[in-house]
Amino acid sequence: MNLKKVHHIAIIGSDYAASRHFYADLLGFEVIRENYREERGDYKIDLQLEGCEIELFIIPGRPKRPSYPEAMGLRHLAFQVDSVDDTVRDLNALGIETEPVRVDEFTNKKMTFFFDPDGQPLEIHE
């Protein structure tokens, strides 16, 4: 087996404009491909940030993400940052709410969570 790295992460969203704006305009992901798939009635937006790709599928009518207790599957997506405090200020200035900053008990690094327009948990971690 010769796994080299994670190629992409796929996320399903419900609102094209809100999701594209959140990931591209607010978080700074570059849109590298964007396609409407008529046969499926959905959009697929490929985004990239520092070599990490997200496939963002906009599929109307999907069930909402289960809330706590957490369901099986992807728990959250985490982004490494130089400063959690600075990133929290940046996110808050963009109107994105964040949870209180806390210290990861295993890494002793600061971290916190925020959410995309569909409630997908996103973490920032030093």
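Please refer to the structure higher up on the page.
Small disclaimer: the values here were computed from a predicted structure and weren't measured. (Residues numbered from 1 in each chain as written. Predicted model: local features only at pLDDT ≥ 70, side-chain atom pairs only at ≥ 80, totals over all residues. Heavy atoms only, no water.)

### Things to note about the overall build of the protein
Scanning the protein from terminus to terminus reveals two helices and eight strands. Secondary structure elements of the protein occur, N-terminal to C-terminal, as β-α-β-β-β-β-α-β-β-β. Taken over C-alpha atoms, the radius of gyration comes to 15 Å for the protein, in line with the 14 Å a tight globule of 126 residues would show. Counting only contacts in the protein whose residues sit at least 6 apart along the sequence, the fraction spanning at least 24 positions is 48%. Accessible surface computed for the protein: about 8600 Å², of which carbon and sulfur atoms make up 50%. One way to put it: in the protein the 15 positive side-chain charges average out to a point 5 Å from where the 24 negative ones average out. (Helix = DSSP H or I, 4+ residues; strand = E, 2+ residues; numbered from the N terminus. Rg over C-alpha atoms; globule rule 2.2 N^0.38 Å. Contact = heavy atoms within 4.5 Å. Areas by Shrake-Rupley, 256 points an atom, 1.4 Å probe, with all protein chains shown as cover. Lys, Arg positive; Asp, Glu negative; His and termini not counted. Charge placed at Lys NZ, Arg CZ, Asp CG, Glu CD.)

### Concerning the packing of aromatic side chains
Following the criterion strictly, the structure yields six aromatic pairs and no others. Here Y23 and F29 contribute two aromatic rings whose centre-to-centre distance is 6.2 Å and whose plane-to-plane angle is 75 degrees, an arrangement assigned as edge-to-face. Taking relative accessible area as the criterion, Y23 reaches 0% and is therefore assigned buried. Relative accessible area serves as the criterion here: at 4%, F29 is assigned to the buried category. Put simply, the rings of F22, Y23, F29, F79 and F114 touch in pairs and so form one group of aromatic residues. (Phe/Tyr/Trp six-rings, centres within 6.5 Å; stacked < 30°, edge-to-face > 60°. Buried < 20%, exposed > 50% of the residue type's maximum accessible area, 1.4 Å probe, protein only.)

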